[in-house]
Structures are given as C-alpha cells and as structure tokens.
Amino acid sequence: MNFEIPSFPVSRPRRLRQNEAIRTLVRETHLEKTQLVMPYFVRSGKKLRIPIQAMPGNYQLSPDELLKEATKVQQSGIKAILLFGIPEKKDEMASGAYADDGIIQQAIKLLKKELPDLLIITDVCLCEYMSHGHCGIVKKSKGNWNIDNDSSLKLLAKTSLSYAHVGADIIAPSDMMDGRVQAIRQVLDENGFENTPIMSYAAKFASAFYGPFRQAAESAPQFGDRRSYQMDSANALESLREVALDIQEGADIVMVKPALPCLDLIYKVKTTFGYPTAAYSVSAEYSMIKAAGEKGWIDEKAIILESLTAIRRAGADIIITYSAVDVANWLK
Ligand code: PBG
C-alpha cells in the first residue's frame, strides 16, 4: 500500500482515540476465535492428564481426556485443533506414525465419532516416533549422520494418508524435508482425498523457541540438532523460496513458525503470495509469557492479546496458539 501524505495537517489522530466505541469503529485488526487453532498432545491410556512442566496449563492427554477437552474447545467457539502424538514405542522407521492403531489414528476415530464438526488438523512429522528424535530417516556412516530426505518422503506420505483415512480434515507436514508437500499431495489424490487440504509448515526455522514443546512431545533429538533441515533464522529471502516451493507443490495454507520472532516474514509471505497464511505461536512464546505472568511481572492476559493481535496485524489469517481456549473465553 502507498500513502500520499498531504503537506498540511488534515487530521488529529487523537480524535479517533477518545473512547472505546470510536476506537472499535476504526480498528484495523480483529482477533476472532474462529482464527485460532488449539494444539494438543495425545498418548495412549485412560484418564491420563500428565502436566507438561514447561508449559503450565497443557497436558499429555489420553484419548478419553482429549475428548473432554475437545468438547470444551468446541463450546468455546474454536473450530480447529492440531494434534501431536506420543507413541508407546519409538523405532528407526517411525512406524508408530502410520500404524493403523497408532495413537493419532485412535484419537481421530474417537473425536470424529463424537464431535464430527470439530476440524482436526494433524501435524505430520516423524520426530515423535523415531528413537533418535529426528524428523526424517537417519543414515549413519563412519561416525557421521545424515537425514535421508527422499526415503523420508515415503513415510511422511504414508503417515498423511493414514491420518486422512481415519478422518483428518487438514494435513500439516512440519518435517521440513524437501518435496514432502508434493509427495503427500500425490498420495492423497491417488487415494480419493483430493479435497483434503495441506497446511504446510513452509517457513519453519531451527528455533530455540521449540524447547518446551520437545518436553511435551518427548521429541528432542538424541544427537545433533535440526539445522540441516529447518531454516537458519537469519534468512528472510530463503523463507520466501521455501513458501514458493510449497505453493508450487500444492500447499493450500502456508505457515510461518515461530510467530513473534518472525513478524516480518509473516508480513512478507502474506503480501508476496496472498495465500491463506498461518502463524504458529510456539511453545516458548507461550511459556515465557506464562512464567512472567506467574511471577506477577506482567499482565498475562493483556500481553497475550497484544501479541496475538500483532501476529494478525502482520498478516496471519490463522494463529496456532496454546492460549487459544483462554483467548476464546476472554473474547466471549
Ligand atoms: C515437529 C514439530 C515441532 C513443533 C511443531 N511440530 C518441534 C520441532 O520441530 O522441533 C514445535 C511447536 C512448538 O514449539 O510449540 N517437528
């Protein structure tokens, strides 16, 4: 957008700030419950509600408890949840990710039976299911290790198809392998799921802001780090290339992650491509605010609302946030 600034003063901005009715009338950005997605961690068992230390208010839930939470989510006015699974056993082929009775498959079946209208987005990644905690197949030779990008694609596609089969509404690959959107799109199309959208974690940075999540999902890499597949947080142009590739490969919604440290990229992605854009306000964004709030150092509610509004203002249409349910209740 280009502004032409008149050379003489025509407006006194303060006039439009005098009371809440006027401020609301001219407000440019609105935060709506329907734009929020609430993430959950599910593991097998019954009546399990294991608190996640680094993310107060979040739990590893068994499917029955997840159903209770999801029922409350729906009542709060939120339309979509994002699921992460913690399998009973991990191995070197992530077989828990695509097993017919895998934890995500069980959870989706139950939720779809009881709450058919709640949108279920499934994170597709292998790290939670791999004994080494990496997002793809690891090849080792002479003390070195590498991610086998292309053979990982088959497992990611298989996992996506398995989620779609049991009723996942949106597939969200977060692994950052090259070519995964195309591989997933192809397998979905070949199996009658041509109407299942893909929300790709398109610009996903190798970020320290995922620290608390790895405790929650038990997915910390056992050696090395994720910098050979996730992006260098110094790079902006590269994030546009990542997004362009995912769009070319068939992504319907593109995501930038993390959110607050990447407001510039959310803006660039939205204005460059004009695609539905999601931002993931990740675990540490949540935990830092929670911790300072618990200490009484900040006004937690005001900071969350201001942060999420800033993410919307930068251009995000959709925000994934662990505060989604709280926010929906505040917005009532
Ligand atoms: C799986 C995945 C991660 C997150 C979402 N999907 C962790 C990672 O990439 O290490 C992070 C979410 C968060 O921090 O809230 N690959």
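The notes below deal with the structure included here. (Residues numbered from 1 in each chain as written. Predicted model: local features only at pLDDT ≥ 70, side-chain atom pairs only at ≥ 80, totals over all residues. Heavy atoms only, no water.)

## Structural notes on the site of the ligand
Right, so step 1: Lining the immediate environment of the ligand, one finds 18 residues, of which K204, R214, K257, S283 and Y322 sit closest.
Right, so step 2: Here an oxygen atom of the ligand sits 2.7 Å away from a polar atom, N or O, in the side chain of R214.
Right, so step 3: One of the side-chain nitrogen or oxygen atoms of S283 is found 2.7 Å away from an oxygen atom of the ligand.
Right, so step 4: For the ligand, whose free accessible area comes to 400 Å², the fraction covered by protein is 100%.
Right, so step 5: In terms of residue class, the shell around the ligand is made up of 10 nonpolar, three polar and five charged. (Near = heavy atom within 4 Å. Polar contact = N/O pair within 3.5 Å; in protein donor to acceptor, adjacent residues only side chain to side chain. Areas by Shrake-Rupley, 256 points an atom, 1.4 Å probe, with all protein chains shown as cover. Nonpolar A, V, L, I, M, F, W, Y, C, P; charged D, E, K, R; others polar.)

## Some thoughts on helix α11 (residues 300-314)
Right, so step 1: In this model α11 runs 21 Å from its N-terminal to its C-terminal C-alpha over 15 residues, within 8% of the 21 Å that 1.5 Å per residue would give.
Right, so step 2: Buried within α11 are the following residues: E300, I304, S307, L308, A310, I311, R312 and A314.
Right, so step 3: Each element contacted by the buried residues of α11 is listed here: α9 (263-273), β11 (277-281), α10 (283-294), β12 (318-321) and α12 (324-331).
Right, so step 4: Of the residues one or two after α11, G315 is the one with positive phi, at around 135°. (Helix = DSSP H or I, 4+ residues; strand = E, 2+ residues; numbered from the N terminus. Expected span 1.5 Å × (residues − 1). Buried < 20%, exposed > 50% of the residue type's maximum accessible area, 1.4 Å probe, protein only. Contact = heavy atoms within 4.5 Å.)

## Examining a positive patch on the surface
Right, so step 1: Side chains of R12, R14, R15 and R17 sit close together on the surface and give a patch of like positive charge.
Right, so step 2: Locating R14 in the fold gives a position in the segment before α1 (20-26). (Patch = residues over 30% accessible without salt bridge, like charges linked within 9 Å, V, L, I, M, F, W, Y side chains within 5 Å. Salt bridge = Lys/Arg side-chain N within 4 Å of Asp/Glu carboxyl O. Lys, Arg positive; Asp, Glu negative; His and termini not counted. Charge placed at Lys NZ, Arg CZ, Asp CG, Glu CD.)

## Remarks on unusual backbone geometry
Right, so step 1: Looking along the chain, the bond that leaves K257 and enters P258 is cis, with omega of -5°.
Right, so step 2: Among the secondary structure elements, P258 is positioned in the loop between β10 (253-257) and α9.
Right, so step 3: Within the chain, A94 stands out as a residue other than glycine whose phi angle is a positive 55°.
Right, so step 4: Locating A94 in the fold gives a position in the loop between β4 (80-86) and α3 (95-98).
Right, so step 5: With phi around 50°, K142 is a residue other than glycine that occupies positive phi space.
Right, so step 6: Relative to the elements of secondary structure, K142 occurs in the loop between β6 (137-141) and β7 (144-148).

## Details of the pattern of salt bridges
Right, so step 1: The full count for this structure, using the stated rule, is 16 salt bridges.
Right, so step 2: Here K112 makes a salt bridge to D169, at a shortest N to O gap of 2.8 Å. With K112 in helix α4 (residues 103-114) and D169 in the loop between α5 (149-166) and β8 (170-173), this pair connects stretches of sequence that are 57 residues apart.
Right, so step 3: Looking at D169, the relative accessible area reads 23%, which means it is partly exposed.
Right, so step 4: The residue D175 makes a salt bridge to R180 at a minimum N-O spacing of 3.2 Å. For the pair D175 and R180, a shared accessibility class is recorded, and that class is buried.
Right, so step 5: Members of the salt-bridge network, linked through shared partners, are R49, E65, K68, E69 and K72.

## Considerations on the nonpolar core
Most often, soluble globular proteins have nonpolar side chains that are buried together.
Right, so step 1: Y40, F41, L83, L111, Y163, M199 and Y280 are the most contacted members of the largest nonpolar core, which totals 107 residues.
Right, so step 2: Aside from chain neighbours lying at most four places away, what touches L111 is L66, L67, A70, I81, L83, P116 and I120. (Core = buried A, V, L, I, M, F, W, Y, C linked by side-chain atoms within 4.5 Å.)

## Some remarks on the pairing of β4
Right, so step 1: Of all the seven residues making up β4, seven are buried; the element is thus mostly covered by neighbouring parts of the structure.
Right, so step 2: Burial along β4 is two-sided: A80, L82, F84 and I86 and I81, L83 and G85, pointing in opposite directions, are all buried.
Right, so step 3: With seven bridges connecting them, strand β1 (residues 36-43) and β4 associate as parallel partners. In the strand pairing of β4, P39 is matched with L82.
Right, so step 4: With four bridges connecting them, β4 and strand β5 (residues 119-124) associate as parallel partners. In the sheet register, A80 faces β5, and the bridge partner there is L119. (Pairing = 2+ DSSP bridges.)

## What about the packing of aromatic side chains?
Right, so step 1: Taken as a whole, this structure holds eight aromatic pairs when the rule is applied.
Right, so step 2: Ring geometry for F41 versus F84: centroids 5.5 Å apart, planes at 25°, classification stacked. Taken together, the residues span a long stretch of sequence, with F41 in strand β1 and F84 in strand β4 at a distance of 43 residues. Each of the two residues, F41 as well as F84, counts as buried.
Right, so step 3: A network of ring pairs unites the aromatic residues F41, F84, Y201, F213, Y280, Y286 and Y322 as a single cluster.
Right, so step 4: In this structure, R49 packs its charged tip against the face of Y59, placed 4.4 Å from the ring centre.
Right, so step 5: The ring of Y280 carries K257 above its face, with NZ or CZ at 5.2 Å from the centroid. (Phe/Tyr/Trp six-rings, centres within 6.5 Å; stacked < 30°, edge-to-face > 60°. Lys NZ or Arg CZ within 6 Å of the ring centre and 35° of its normal.)

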